[in-house]
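Letter by letter, the chains look like this.
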Amino acid sequence: IRFPHPNPPPEGEGSNEPLRELSIGEASPMVVMGKVAAAQGLQGWVKVQTFTEYLDSLLDHDTWYVGNEQSWRPLQVLEANVHGKVLVARLEGIADRTAAEKCKGLLIAVPRDSLPQQKEDEYYWSDLVGLSVENLAGEVFGIVDSLLETGANDVLVVKGEAVPLKRIALAI
């Protein structure tokens, strides 16, 4: 699996350094499980959009790490439950709606070592973000930016330079 260099060049500057090979366990000590979607009510509750296979998987963890890919803040989960297609949670230190609104867009993660070990050829979605996408001929299409669950199948969102489409003839 090919991960971008851990210290990428500043935006707009290229790098001649090749992608560095890392094992899945080295990808990140944290696994993103969701994000704060909005404030819920007046008492500091937040709505959480989960990125987990099962909506209630995040409820197995008493501490959530809230922040972004560079900085995480551990927050004790005081109360949480499933509410329709999202979770609602009351977290330590978030006492009112104003504080909850400031959390909108922040990611929620848990330590990788608190999750079950994946089977061979199984990966957490967060392990795929940032990987190079290429075909069997080695042509690079871009980098995995995110993943979407559509119901019928999961979709990789790949960003990169536009690649011209090639016309091919198929014998049917």
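Being a predicted model, the structure only gives us computed values, none of them experimental.

K.L.:
Summarise the pattern of salt bridges; cite the residues concerned and give the values.
P.N.:
Under the defined criterion, the tally for this structure stands at three salt bridges. Here R90 and E79 are joined by a salt bridge, their closest N and O atoms 3.0 Å apart. One end of the pair, R90, is in strand β7 (residues 86-91); the other, E79, is in strand β6 (residues 72-83), with eleven residues separating them in the sequence. Between E101 and R97 there is a salt bridge; the shortest N-O distance is 3.1 Å. Of the two residues, E101 and R97 are both situated in helix α1 (residues 97-102); the distance of four residues between them amounts to about one turn of the helix. Taking the relative accessible area as the measure of exposure, E101 reaches 43% and is therefore partly exposed. On the basis of relative accessible area, R97 is assigned to the partly exposed category, the value being 32%.

K.L.:
Give a description of the pairing of β6 that names residues and reports values.
P.N.:
Two strands pair when backbone bridges link them, and strand β5 (residues 63-67) and β6 are joined in this way by five bridges, in the antiparallel orientation. Among the inter-strand pairings, Y65 is bridged to a residue of β6, identified as P74. With six bridges joining them, β6 and β7 adopt antiparallel strand pairing. Paired with E79 across the two strands is R90, which belongs to β7. Connecting β6 to the next strand, β7, in antiparallel fashion are two residues, including G84 with a positive phi near 70°.

K.L.:
Can you explain unusual backbone geometry? Please cite residues and give values.
P.N.:
Located in the positive-phi region is D121, a residue other than glycine, with phi close to 65°. Along the chain, D121 turns up in the loop between β8 (107-111) and α2 (125-128).

K.L.:
Explain the sheet that holds β8 to me, using residue names and the numbers behind them.
P.N.:
Strands sit in the order β3-β4-β7-β6-β5-β8 around a closed barrel of six strands; the barrel is antiparallel. For this sheet, the mean inter-axis angle between neighbouring strands, taken without regard to orientation, is 45°. Strand direction decides the pairing type here: β5 and β8, joined by three bridges, are antiparallel. Within β8, the residue paired with G67 across the bridge is L107.

K.L.:
Report on the nonpolar core, specifying residues and quantitative values.
P.N.:
Ranked by internal contacts, the top residues of the largest apolar core, which has 21 residues, are V46, V48, L58, W64, L91 and I108. At the level of secondary structure, the elements contributing two or more residues to this core comprise β3 (30-40), β4 (45-50), β5, β6, β7 and β8. The element best represented in this core is β3, accounting for four residues.

K.L.:
Go over the sheet that holds strand β9 (residues 132-134), please, and point to the residues and values.
P.N.:
Taken together, three strands build an open sheet; the order of strands is β9-β10-β11 and the sheet is antiparallel. Both outer strands of the open sheet, β9 and β11 (154-159), are each paired with one neighbouring strand and no more. Taken pair by pair, the neighbouring strands of this sheet meet at an average axis angle of 55°, ignoring direction. With six bridges connecting them, strand β10 (residues 140-149) and β11 associate as antiparallel partners. From the neighbouring strand, I143 faces β11, where its bridge partner is K159.

Conventions and cut-offs
- Residues numbered from 1 in each chain as written.
- Predicted model: local features only at pLDDT ≥ 70, side-chain atom pairs only at ≥ 80, totals over all residues.
- Heavy atoms only, no water.
- Salt bridge = Lys/Arg side-chain N within 4 Å of Asp/Glu carboxyl O.
- Helix = DSSP H or I, 4+ residues; strand = E, 2+ residues; numbered from the N terminus.
- Buried < 20%, exposed > 50% of the residue type's maximum accessible area, 1.4 Å probe, protein only.
- Pairing = 2+ DSSP bridges.
- Axes fitted to C-alpha atoms, helices over the stretch in contact; angles between N-to-C directions.
- Core = buried A, V, L, I, M, F, W, Y, C linked by side-chain atoms within 4.5 Å.

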